[in-house]
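# Observations on the three-dimensional arrangement
For reference, the chains in residue letters:
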Amino acid sequence: MLKSSNNQRIVFSAFVPSELGTQQKVNQNQVAQPKIDLLQPLRCKLDSLEIQNRKLARLIAKMIPAQCPFERDILLFGRKIAHIPPMCKLNPLYDELVGLRFRALCYLADVCGEDIQSYC
């Protein structure tokens, strides 16, 4: 217990549980169990996929959108009344798909010499 400058008592025990010290010791003694990631093989497959075909690169660039298609501004009489945030980052394979699209665009631009501005 501490006293503040205006002689009011401040009680910390209400905010900090008394078992905190023993709880930390129990957590340190527990063995960390590995989490099973069911999507890891698919992630590895997408990351290791090499683009070596112009048709495949075009298909990937067209199928994977440049920005989230679910993000919207809701307008009423020309005024924005609501915003729906992008939900693509909730996709557990989002980073791998964006990387795959980037590799496809790089292949089209660097190897094939195509203008990729139409895919953006």
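Our subject is the structure listed above.
The following paragraphs examine the structure supplied in this document. (Residues numbered from 1 in each chain as written. Predicted model: local features only at pLDDT ≥ 70, side-chain atom pairs only at ≥ 80, totals over all residues. Heavy atoms only, no water.)

With that settled, the discussion passes to the nonpolar core. Ile 51, Ala 57, Ile 60, Leu 100 and Leu 108 are the most contacted members of the largest nonpolar core, which has 14 residues in total. Broken down by secondary-structure element, the contributors of at least two residues to this core are helix H3 (54-63) and helix H4 (94-111). At 5 residues, H4 tops the list of elements feeding residues into this core. Setting aside chain neighbours within four positions, we find Leu 100 in contact with Leu 46, Leu 49, Ile 51, Ile 60 and Ile 64. (Core = buried A, V, L, I, M, F, W, Y, C linked by side-chain atoms within 4.5 Å. Buried < 20%, exposed > 50% of the residue type's maximum accessible area, 1.4 Å probe, protein only. Helix = DSSP H or I, 4+ residues; strand = E, 2+ residues; numbered from the N terminus. Contact = heavy atoms within 4.5 Å.)

Counting buried positions along strand E4 (residues 79-84) gives 0 out of 6 residues, so the element sits mostly on the surface. A loop of 2 residues connects strand E3 (residues 72-76) with E4, the two strands running antiparallel in sequence, and Phe 77 in this loop sits at a positive phi of about 55°. (Pairing = 2+ DSSP bridges.)

Scanning the entire structure with this criterion turns up 5 salt bridges. Residues Glu 114 and Arg 58 are paired through a salt bridge, measuring 2.6 Å at the closest nitrogen-oxygen approach. With Glu 114 in the segment after H4 and Arg 58 in helix H3, the pair connects residues that are 56 residues apart, well separated along the chain. Exposure remark for Glu 114: the relative accessible area of 19% places this residue in the buried category. Residues Lys 80 and Asp 73 are paired through a salt bridge, measuring 3.9 Å at the closest nitrogen-oxygen approach. Assessed through its relative accessible area of 54%, Lys 80 is described here as exposed. The class for Asp 73 is partly exposed, based on a relative accessible area of 43%. Taken together, the shared-partner salt bridges in this structure form one network comprising Asp 37, Arg 43 and Glu 96. (Salt bridge = Lys/Arg side-chain N within 4 Å of Asp/Glu carboxyl O.)

To continue, consider the side chain of Arg 101. Positionally, Arg 101 belongs in helix H4. Glu 114 provides the closest opposite charge to the buried, salt-bridge-free Arg 101, at an N-O distance of 12 Å. From its side chain, Arg 101 meets the backbone oxygen of Tyr 119 in a polar contact 2.4 Å long. Apart from the residues within four sequence positions on either side, Arg 101 is in contact with Ile 60, Ala 61, Ile 64, Pro 65, Ala 66, Tyr 119 and Cys 120. (Lys, Arg positive; Asp, Glu negative; His and termini not counted. Polar contact = N/O pair within 3.5 Å; in protein donor to acceptor, adjacent residues only side chain to side chain.)

Now for H3. Burial in H3 covers these residues: Ala 57, Ile 60 and Ala 61. Considered in projection along H3, the buried side chains sweep an arc of 95° and stay on one side of the axis. Away from its buried face, by an angle of more than 90 degrees, H3 presents the exposed residues Lys 55, Lys 62 and Met 63. Check the buried side of H3 and you find it contacts H4. Two or three places before Lys 55, at the start of H3, stands the capping residue Asn 53, its side-chain oxygen 3.0 Å from that residue's backbone nitrogen. (Arc of directions from axis to C-beta.)

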